[in-house]
Amino acid sequence: MTDLTVRIGRLTLKNPVLTASGTFGYGPEYADYVDLNRLGGLITKTITLEPRGGNPMPRIAEMPAGMLNSIGLANVGVERYLAEKLPLLEKYETAVIANLAGSTVEEYARVVMKVQKHPRVDGIEVNVSCPNVRKGGLAFGTDPDVLCELVRSVRSETDKTVIVKLSPNVTDIRPVAMAAASGGADALSLINTVMGMGIDIRTRKPLISRITAGLSGPAIKPIAMAKVYEAAQAVDLPLIGIGGIMNGEDAVEFLMAGASAVQVGTLNFVDPAGCLKVLEGIETFCREQGIAKVSDLVGAMDHG
Ligand code: SIN
């Protein structure tokens, strides 16, 4: 039997498969399809200090190899998250990671301060990469100095694992990864969506109300792999690979590029039980290849 455990910052996960924020609700919505106890971890939808209604419709469009979204961080706000959403996760034995965002450094810090006290929260994922909001989001994830200050401020609020979710919408991911590391991040997750757009040529209207949006799914997997590989060369932190993972073999590719774990996102919309199939695919690969520990695959690409 392969040892599937992986270490992400201060956390040990039972396996390397997590669900990506914004693709799996607050978790229990998927419990009819997925035994949540089997997941390495569950990352809840981004929460902010105040509730948000999100962007006007249409805010999702299917693409040939993926999906465009511009949800605009719609969420119930931190108080309802703590009172109504987190208690529903108490009975599950999987790591719960709260993803959060803000429009100012102070707002991020206040959400962290509130959320990190909850015993069901095992870690924090800081969203500095949403391309679909006017204030905050991407603005924090593209400037290394701003990012470093933000991560420092988040770090000072919690002893729990801090994961910083990076954007691919930068010229070079390495300075941003290094800034998150020097701010005190325990781990990085990458990538969030790639900026994209589409037009319905008959109506001449953009497919998404806000015109530009975030592209996810298999279309972005090679981009994500390259960013993970580059970040792995730049920082000595565990990385969580995200981007178009549709099966176990895709996940193994990310591990070999340098990720210690993966997040499954767009697949959850195609097959609500897809994340467990990814896990089973990793297990099958390890069994067939005689891999004793899944962590032995991390960065195992043969450079030739
Ligand atoms: C959104 O809410 O628009 C997507 C979230 C994200 O890209 O981080």
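Below is a summary of the structure that appears in this document.

Approximately 590 Å³ is the volume attributed to the largest pocket. In this structure, the largest pocket is lined by 38 residues; those nearest its centre are S21, G22, T23, N69 and N192. Among the secondary structure elements, those contributing two or more residues to the lining of the largest pocket are β4 (41–47), β6 (66–69), β14 (213–216) and α8 (267–270). A per-class count over the lining of the largest pocket returns 17 nonpolar, 18 polar and three charged.

Moving on, we come to the packing of helix α2 (residues 105–116) against helix α4 (residues 144–155). Relative to each other, α2 and α4 sit at 25 degrees, their axes nearing to 9 Å. One finds that α2 runs roughly parallel with respect to α4. Considering only the axes of α2 and α4, their crossing is right-handed. The segment α2 lies against α4, with V105, Y108, A109 and V112 engaging E149, L150, S153 and V154. Residues that form the contact of α2 with α4 fall into these classes: six nonpolar, one polar and one charged.

With that settled, the discussion passes to the site of the ligand. In the vicinity of the ligand, the contacting residues are N69, S70, I71, G72, L73, N127, C130, P131, N132 and N192. N69 places a polar side-chain atom, nitrogen or oxygen, 3.5 Å from an oxygen atom of the ligand. In isolation the ligand has 260 Å² of accessible area, and contact with the protein removes 88% of it. Its residues assigned to classes, the shell around the ligand comprises four nonpolar, six polar and no charged.

Conventions used here
Position numbers for residues count from 1 along each chain, tracking the sequence in the order it is written. With pLDDT at 70 or above as the cut-off, local features in this predicted model cover only qualifying residues; side-chain atom pairs require 80 or more to be listed or tallied, and sums for whole chains, interfaces and linings still use all residues. Note: side-chain values were computed over all heavy atoms of the structure, leaving out hydrogens and water. Residues are said to line a cavity or pocket when one of their atoms sits within 4 Å of a point; the points come from a 1 Å grid over protein atoms alone, cavities being sets where a 1.4 Å probe fits but cannot get out and pockets being open sets with protein on both sides within 12 Å along at least five of seven lines. Grid points are joined across faces, edges and corners, and a volume is the space filled by probe spheres set on the points. Helix and strand assignments come from DSSP, with helices taken as H or I runs of at least 4 residues and strands as E runs of at least 2, each series counted from the N terminus. Ten residues, namely Ala, Val, Leu, Ile, Met, Phe, Trp, Tyr, Cys and Pro, are considered nonpolar, four, namely Asp, Glu, Lys and Arg, are considered charged, and the remaining ones, Gly among them, are considered polar. Between N-to-C directions, angles cover 0 to 180 degrees, with each direction set by a line fitted to C-alpha atoms, over the stretch in contact for helices. Note on terminology: angles under 35 degrees are roughly parallel, angles over 145 are roughly antiparallel, angles of 65 to 115 are roughly perpendicular, and the others are oblique. What makes a crossing left-handed is the near helix being turned counterclockwise from the far one by less than a right angle; a clockwise turn instead makes it right-handed. Contact criterion: two residues are considered in contact whenever any of their non-hydrogen atoms come within 4.5 Å of each other. A single heavy atom is enough: if one lies within 4 Å of a molecule or strand, its residue is considered near that molecule or strand. Here a polar contact means two N or O atoms within 3.5 Å. Within protein one must be a hydrogen donor candidate and the other an acceptor candidate, and residues neighboring in sequence count only if both atoms are side-chain atoms. To be clear on the numbers: accessible area is Shrake-Rupley with a 1.4 Å probe, and residue cover counts the displayed protein chains and nothing else.

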